[in-house]
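# Structural characterization, general
This is what each chain is made of:
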Amino acid sequence: MADVKPDSAETCGLLEQVAQGDRQILGRLLERYRPRLHAFIASRLDPRVRTRVDPPDVVQDVQLEVTRRIDDFLERRPMPFHLWVRRTAYERLLKVQRHHRRRARRSVNREVPLPDRSSLLLAKPLLAGAASPSQQLAARELAERVGHAVADLAEADRQILLMRHMEGLNYAEIACLLGIEADAARKRYGRALLRLRKVLKDHGLLESSS
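A few words now on the overall build of the protein. Within the protein, the regular secondary structure consists of 11 helices and zero strands. Reading the secondary structure of the protein in the N-to-C direction produces α-α-α-α-α-α-α-α-α-α-α. Counting contacts in the protein only where the partners sit at least 6 residues apart, residues at least 24 apart contribute 69% of the total. When the accessible surface of the protein is totalled, it reaches about 11500 Å², and 49% of it is carbon and sulfur.

As structure tokens, this is what we get:
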């Protein structure tokens with residue numbers, strides 16, 4: 001995994017102490033990662049589910065899961081700790097959102113998704129080069145329209161676009177999070193970008209090239 005960013009020397013040192021049985025160090029390590037976990041989860045939580053789920057509660061669930069599985073991680077070391085924590089958070093978030101959508105499918109699906117920072121970040125690389133009248137919209141109206149457009153994307157597409165556009169992860173790192181090969185991650189991202197372009201065009205936010 002040469003293309004994957006390694007853990008910092010400090011994190012590696014703390015992990016070695018945890019491996020030697022110091023569980024208090026694990027608590028310190030998780031506390032360091034808590035702000036990053038919160039940002040990771042808050043940026044991905046579906047706006048239609050967010051009124052029912054509090055990001056700090058999901059963060060707590062993730063930290064409990066990391067604590068439960070830390071011995072297995074230390075034995076196998078399948079990827080850097082910072083990516084493993086994100087992957088645990090990603091898997092937990094998918095379960096939470098599926099659970100709440102099943103429990104309240106009708107009411108959740110009727111709710112209008114609110115514009116959020118992640119939607120604008122996904123669309124920004126495409127909108128920045130668009131010579132469309134939509135660029136002249138007021139910021140609030142543009143945010144609302146982008147939010148509606150991004151809501152039309154499949155969840156898997158939104159997730160991989162966020163990994164690239166918002167976090168700047170490379171394909172090897174995305175592959176670790178998704179449990180796939182780097183080439184598959186590259187192709188999946190390309191397809192998601194094409195679908196994002198299409199939904200933006202369908203919502204009048206990009207001019208059609210035809």
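Evaluated as defined, the whole model comprises 13 salt bridges. With its nearest N and O atoms 2.9 Å apart, the salt bridge here joins R86 to E167. Highlighted residues: R86 in helix α5 (residues 81-103) and E167 in the loop between α9 (155-165) and α10 (171-178), separated in sequence by 81 residues. D202 is paired through a salt bridge with K198; the nearest N and O atoms lie 2.9 Å apart. Pair noted here: D202 and K198 are both in helix α11 (residues 182-202), with a separation of four residues, about one helical turn.

Where α10 contacts α11, the two axes come as close as 8 Å, and the packing angle between them is 95°. By the criterion of interaxial angle, the relationship of α10 to α11 is roughly perpendicular. Within the contact between the two elements, α10 uses Y171, A172, I174, A175 and L178 and α11 uses A182, A185, R186, R188 and Y189. Looking at side-chain class alone, the contact of α10 with α11 contains eight nonpolar, no polar and two charged residues.

Extensive coverage of α10 is indicated by the burial of eight of its eight residues. All buried positions along α10 are accounted for by Y171, A172, E173, I174, A175, C176, L177 and L178. If you check the start of α10, you find a side-chain oxygen 3.1 Å away from the backbone N of A172, and it comes from N170. Downstream of α10 by a residue or two, G179 has a phi angle that is positive, lying close to 70°.

The description of two aromatic rings rests on the distance between their centres and on the angle between their planes. All chains considered together, the criterion is met by five aromatic pairs. Between F73 and F81 the ring centres are 5.7 Å apart and the planes differ by 65°, which places this aromatic pair in the edge-to-face class. F81 matches F73 in its accessibility class, with the two residues each being buried. With a centroid separation of 6.0 Å and 45° between ring planes, the pair formed by F81 and W84 is classed as tilted. With a gap of three residues between them, F81 and W84 both fall in helix α5, about one helical turn apart. Ring pairs connect the aromatic residues Y33, F73, F81 and W84, which therefore count as one cluster.

Along the polypeptide, E173 turns up in helix α10. R86 provides the closest opposite charge to the buried, unpaired E173, separated from it by 6.3 Å. A polar contact of 3.1 Å, which involves the side chain of E173, links it to the backbone nitrogen of K5. Among residues more than four places away in sequence, those in contact with E173 are D3, V4, K5 and L83.

Only a minority of non-glycine residues have a phi that is not negative, and only a minority of peptide bonds are not trans. One non-glycine residue, R77, adopts positive backbone phi at about 45°. Mapped onto the fold, R77 is located in the loop between α4 (55-76) and α5.

It is worth spelling out the nonpolar core at this point. Core analysis: the biggest nonpolar cluster contains 61 residues, and I41, I70, F81, W84, L161, L196 and L200 have the highest contact counts within it. For this core, the element with the highest residue contribution is α5, accounting for nine residues. Ignoring any residue separated from it by four or fewer positions in sequence, one finds F81 in contact with D7, T11, L15, L29, Y33, V66, I70 and F73.

Looking now at helix α2 (residues 23-44). Taking 1.5 Å per residue, 22 residues should reach 32 Å; α2 reaches 30 Å between its end C-alpha atoms and fits that length. Residue R34 marks the point of greatest curvature in α2, where the axis turns by about 45°; the proline P35 follows within four residues. I25, L26, L29, L30, Y33, L37, F40, I41, S43 and R44 are the residues of α2 that are buried. In this structure D22 caps α2, since a side-chain oxygen of it lies 3.2 Å from the backbone nitrogen of Q24.

The rules behind each value
Residues numbered from 1 in each chain as written. Predicted model: local features only at pLDDT ≥ 70, side-chain atom pairs only at ≥ 80, totals over all residues. Heavy atoms only, no water. Helix = DSSP H or I, 4+ residues; strand = E, 2+ residues; numbered from the N terminus. Contact = heavy atoms within 4.5 Å. Areas by Shrake-Rupley, 256 points an atom, 1.4 Å probe, with all protein chains shown as cover. Salt bridge = Lys/Arg side-chain N within 4 Å of Asp/Glu carboxyl O. Axes fitted to C-alpha atoms, helices over the stretch in contact; angles between N-to-C directions. Parallel < 35°, antiparallel > 145°, perpendicular 65-115°, else oblique. Nonpolar A, V, L, I, M, F, W, Y, C, P; charged D, E, K, R; others polar. Buried < 20%, exposed > 50% of the residue type's maximum accessible area, 1.4 Å probe, protein only. Polar contact = N/O pair within 3.5 Å; in protein donor to acceptor, adjacent residues only side chain to side chain. Phe/Tyr/Trp six-rings, centres within 6.5 Å; stacked < 30°, edge-to-face > 60°. Lys, Arg positive; Asp, Glu negative; His and termini not counted. Core = buried A, V, L, I, M, F, W, Y, C linked by side-chain atoms within 4.5 Å. Expected span 1.5 Å × (residues − 1). Bend = angle between axes of the 7 residues up to and from the residue.

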